[in-house]
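Examining the three-dimensional arrangement
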Amino acid sequence: MDAFTVRQGEFEGPLHLLLNLIEERKMLISDVSLSAVADSFLTYIKEKTAFPVGEASQFIVVAATLLLLKSRALLPVLSLSDDEEGDVHDLERRLQLLQIIRGAAKELWARSRMFIGGGVSITDPLFTPAPDLTQVALHDALVRVLTAVPMPHAHDEVEVQPVISLNEMIDRMVTRVQQALSLSFKEFAGGATDPREVVVGFLALLELVKQGFAHVDQDGHFNDIRIEYAGNTSVPKYD
Amino acid sequence: MQETPQCQNMIELASKIEAILLYAGGSMSLKEISALVSSSVAEVKAAAGELQTHLEASASGIRLINDTGELALATAPMHQELIDALRRSEIEGPLGKAGLETLSIILYRGPSTRADIEYIRGVNSQTTLRSLMMRGLISRAEKQGDRRSFVYSITTEVPAYLGVSSAHELPGFADVRAQMDAVLAAQPTEPA
Amino acid sequence: MQETPQCQNMIELASKIEAILLYAGGSMSLKEISALVSSSVAEVKAAAGELQTHLEASASGIRLINDTGELALATAPMHQELIDALRRSEIEGPLGKAGLETLSIILYRGPSTRADIEYIRGVNSQTTLRSLMMRGLISRAEKQGDRRSFVYSITTEVPAYLGVSSAHELPGFADVRAQMDAVLAAQPTEPA
């Protein structure tokens, strides 16, 4: 109650998470910092098992943009379409606005409050009905109000697996890596037509490396990435 | 008032009394106020006298009423005509959406707290409750065992005006009542 | 104030405004008051400024909220603890982070739709908006030309809640507004 903190039951979304990650690193909001925090962001989504109804998709949308950025940072061959550039700018803009608002909201915390008077007590009311005071009008007003009350679903969290599509892609990657034992990411990405597919492939690749299924080498900053199969055929799952 | 330390103390106390009474709206006893401000009844009484004198001497539109140990803020007598006009304007015209909604909740549900009404309506209802009280359609009483919490009830004139002997005779009573109970039962304990 | 006839007039008007606001409670617009006192809005505005200065300069426990054309009498910020003790039973806790954030967006961005707010927060804000409405801190109106969409605005309760007579007195208010405007103006793409 005394601190400006997130209250139990309050939900913080993907933008808050991103902003926290960027601010923790004392970075400015830019494509560079977004790309730098992409891994931490994805780890968070994978470790969180439940989101409030309808909120998981917001995380996935942001994750897709982060992956795009991260891939471009590592793969110069990848150029973003106008729509994708727009997504990146939009994300930066939303974060800038949230950063301003969060700072401003903190300043509004724990200020001395004033209380507006409620008026002088009425001691001598005079019964004054109005023409619209009828049985039907009262009934209709109440039904309208009751229909508009949202039924709370604060504890109604659904299990979601935002990595489902990721798992599918990893399956494909494993097959490809097994076949070739050694291939370059360019070759791998060459088969994809949609830049988003390249991105998801890249993410899947990072996952394989983390799980110890593949080794990745990159000789220089803009050189191609080499992938090598590490000798384990089982497929990692996140469920 | 001279600025001696004792005097400074009394000015502060007078300021507190003024704030308490503005917020309370109605009257409060010297004893209640003395408990709130942690001063003796004698000190509160002295500060109230000071406040009364000050308000009367200044051009303020507010007066302090001190009626046998009960204090309240009131409008200055010179503004009586203006306040009468204000009252007339407030009870003129239709009840409107807010008035009908609030009144129907109290009518179908029975005595209700402001918190329950506001939960159902989803909007602050302080002004609407006051206007319904002013029209004599509802009245408020202190909640049992809780001096500062109020319960709002329909006045006896309302069912008579609507031509029913009790709320149960209103259209759709059972259905609406059940729906309202369901809504209130689902109310989260701590609103976000 | 010097006691010129014109000044005398303004003192009387200030006194009337004080009485009206005490009696009615809540906030009233300059326009409503001007109709009641048969003076121009400009005259009421000037007298309100006078009243505000007077209350702040004196030891009074009352302050005038004077924000965006609305006036209200409120308890002075220094008495917050005292009033909290008085209202303990009807307590709603302080606003949480989500509430303050949403309130800040509407305060600094100006009147906003739910989509505008969720664009910045990235989370569903329906519950938070409802909670702010129940507290009387925001009000909503149908969006012009679109009856299914609402626009949320700050009420007069907000400066009171933040302990200032007007939101413009908040430290850094103009700065934050300018920062928001700069970002919002940078790209014309608005949320769908």
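Conventions and cut-offs
Per-chain numbering applies: the sequence of each chain, read as written, is numbered from 1 onward. Each chain is given a letter, starting from A, and each ligand a number, starting from 1, according to the order in which they appear as written. Where local features are concerned, this predicted model is filtered to residues with pLDDT of at least 70; where side-chain atom pairs are given and counted, the filter is 80 or more; whole-chain, interface and lining totals use all residues. Think of the side-chain values as coming from all heavy atoms in the structure, minus any hydrogens and water. Numbered from the N terminus, helices here are DSSP runs of H or I no shorter than four residues, and strands are runs of E no shorter than two. Each residue is placed in one exposure class: buried if its accessible area under a 1.4 Å probe, protein chains only, is under 20% of its type's maximum, exposed if it is over 50%, and partly exposed if it falls in between. Any two of the Phe, Tyr and Trp rings considered here, Trp counted by its six-membered ring, make a pair once their centres fall within 6.5 Å; the pair's planes then place it as stacked at under 30 degrees, edge-to-face at over 60, or tilted in between. By definition, being over a ring means that NZ of Lys or CZ of Arg is both within 6 Å of the ring centre and within 35 degrees of the ring normal. The directions from the helix axis to the C-beta atoms are what the arc is built from. Nonpolar core, defined: a set of buried Ala, Val, Leu, Ile, Met, Phe, Trp, Tyr and Cys residues in which side-chain atoms within 4.5 Å join the residues together. Working rule for contacts: check all heavy atoms of both residues, and any pair within 4.5 Å makes them a contact. As a working definition, buried area equals the accessible area (1.4 Å probe) given up by two parts on being put together, with both sides summed. Here, a salt bridge means any Lys or Arg side-chain nitrogen found within 4 Å of an Asp or Glu carboxyl oxygen. Pairs of N or O atoms within 3.5 Å make up the polar contacts considered here, provided that, within protein, one atom can donate a hydrogen while the other can accept it, and that residues adjacent in sequence are counted only when both atoms are side-chain atoms. Charged means Asp, Glu, Lys or Arg here, nonpolar means Ala, Val, Leu, Ile, Met, Phe, Trp, Tyr, Cys or Pro, and polar covers whatever is left, Gly included. Axis lines are fitted to C-alpha atoms, over the contacting stretch for helices. Their N-to-C directions set the angle, which ranges from 0 to 180 degrees. Working rule for angles: under 35 degrees goes down as roughly parallel, over 145 as roughly antiparallel, 65 to 115 as roughly perpendicular, anything else as oblique. DSSP bridges decide pairing: two strands pair if at least two such bridges lie between them.

1. Side note on unusual backbone geometry
One non-glycine residue, A:Lys26, lies in the positive phi region at around 55°. Locating A:Lys26 in the fold gives a position in the loop between helix H1 (14-24) and helix H2 (31-36). On the basis of relative accessible area, A:Lys26 is assigned to the exposed category, the value being 76%. Positioned with a positive phi, C:Ser38 is a non-glycine residue whose angle comes to about 55°. Topologically, C:Ser38 is positioned in the loop between helix H2 (30-37) and helix H3 (41-57).

2. Quick notes on the packing of aromatic side chains
How two aromatic rings sit relative to each other is set out by the distance from centre to centre and by the angle between their planes. Within the structure shown, the criterion is met by four aromatic pairs over all chains. Aromatic side chains A:Phe115 and B:Tyr23 sit 5.7 Å apart centroid to centroid with 75° between the ring planes, which places their arrangement in the edge-to-face category. Of this pair, A:Phe115 sits in the loop between helix H5 (82-107) and helix H6 (135-148) while B:Tyr23 is found in helix H1 (residues 5-24), placing the two residues in two different chains. With respect to class, A:Phe115 is no different from B:Tyr23; both count as buried. Centre to centre, the rings of C:Tyr108 and C:Phe173 are 5.4 Å apart; their planes meet at 40°, and the pair counts as tilted. You can see C:Tyr108 sitting in helix H5 (residues 97-109) and its partner C:Phe173 sitting in helix H9 (residues 173-186), a full 65 residues away along the chain. The class for C:Tyr108 is buried, based on a relative accessible area of 2%. Above the ring of B:Phe150, the side-chain terminus of B:Arg140 is found at 3.8 Å from the ring centroid. The cationic tip of C:Arg130 hangs over the ring face of B:Tyr119; the distance from NZ or CZ to the ring centre is 5.6 Å.

3. Comments concerning helix H4 (residues 80-90) of chain B
For H4(B), the full list of buried residues reads B:Leu82, B:Ile83, B:Leu86 and B:Arg87. End-on, the buried residues of H4(B) take up no more than an arc of 140°, which puts them together on one face.

4. Observations concerning the nonpolar core
The nonpolar side chains of a soluble globular protein tend to be buried with one another. B:Ile17, B:Ile33, C:Ile17, C:Ile33 and C:Leu73 are the most contacted members of the largest nonpolar core, which totals 93 residues. Residues in contact with B:Ile33, not counting those within four places in the same chain, are B:Ile17, B:Ile20, B:Leu21, B:Met28, B:Val44 and B:Leu71. Core analysis: the second largest hydrophobic core is formed by 61 residues, A:Leu80, C:Leu129, C:Leu137 and C:Val164 among them.

5. Quick look at the interface of chain C and chain B
Contacts between the two partners involve 36 residues from chain C, matched on the other side by 40 residues from chain B. Here chain C packs against chain B, burying approximately 3,400 Å² in sum over the two surfaces, 68% of which is carbon and sulfur. A per-residue breakdown of the area chain C buries against chain B is headed by C:Tyr23, C:Leu86 and C:Met134, which together make up 23% of the total. Connecting chain C to chain B are zero salt bridges. Counting every contact that joins chain C to chain B gives 16 residue pairs in polar contact (both at pLDDT 80 or more). Every element with two or more residues in the side of chain C that touches chain B is listed here: helix H1 (5-24), H2, strand S3 (70-75), helix H4 (80-86) and helix H7 (126-134) of chain C. Element by element, the count of residues in the side of chain C that touches chain B is highest for H1(C), at 10 residues. Of the residues contributing to the side of chain C that touches chain B, the split by class is 20 nonpolar, nine polar and seven charged.

6. A word on the packing of helix H2 (residues 30-37) of chain B against helix H3 (residues 41-57) of chain B
Residue and element names in this part refer to chain B. At a minimum axis separation of 9 Å, H2 and H3 run at an interaxial angle of 105°. Accordingly, the angle class assigned to the pair H2 and H3 is roughly perpendicular. Residues Leu30, Lys31, Ile33, Ser34 and Val37 of H2 pack against Val41, Val44 and Lys45 of H3. Partitioning the contact of H2 with H3 into residue classes produces five nonpolar, one polar and two charged.

7. Brief notes about the sheet that holds strand S6 (residues 146-154) of chain C
Residue and element names in this part refer to chain C. Across the sheet, which stays open at both edges, the three strands sit in the order S4-S6-S5 with antiparallel pairing between neighbours. The sheet terminates laterally at strand S4 (112-113) and strand S5 (138-143), the two strands that pair on one side only. For S4 and S6, the ladder comprises two bridges, and the chain directions are antiparallel. Across the sheet, residue Ser112 finds its bridge partner in S6, namely Tyr152. Along the sheet, H5 contacts S4, S5 and S6; its crossing angle with S6, the most-contacted strand, is approximately 90°.

8. Quick look at the interface of chain A and chain C
The interface is formed by 41 residues belonging to chain A together with 55 residues belonging to chain C. When residues of chain A are sorted by the area they lose upon contact with chain C, A:Arg93, A:Arg113 and A:Met114 head the list and together hold 19% of the total. Counting the contacts that link chain A with chain C gives one salt bridge. Taking the shortest distance from any N to any O, the salt bridge between A:Glu12 and C:Lys97 comes out at 3.8 Å. Counting across the chain A and chain C interface gives 15 residue pairs in polar contact (both at pLDDT 80 or more). Listed by contribution, the elements that provide at least two residues to the side of chain A that touches chain C are H1 and H5 of chain A. Per-element accounting of the side of chain A that touches chain C gives the leading share, 12 residues, to H5(A).

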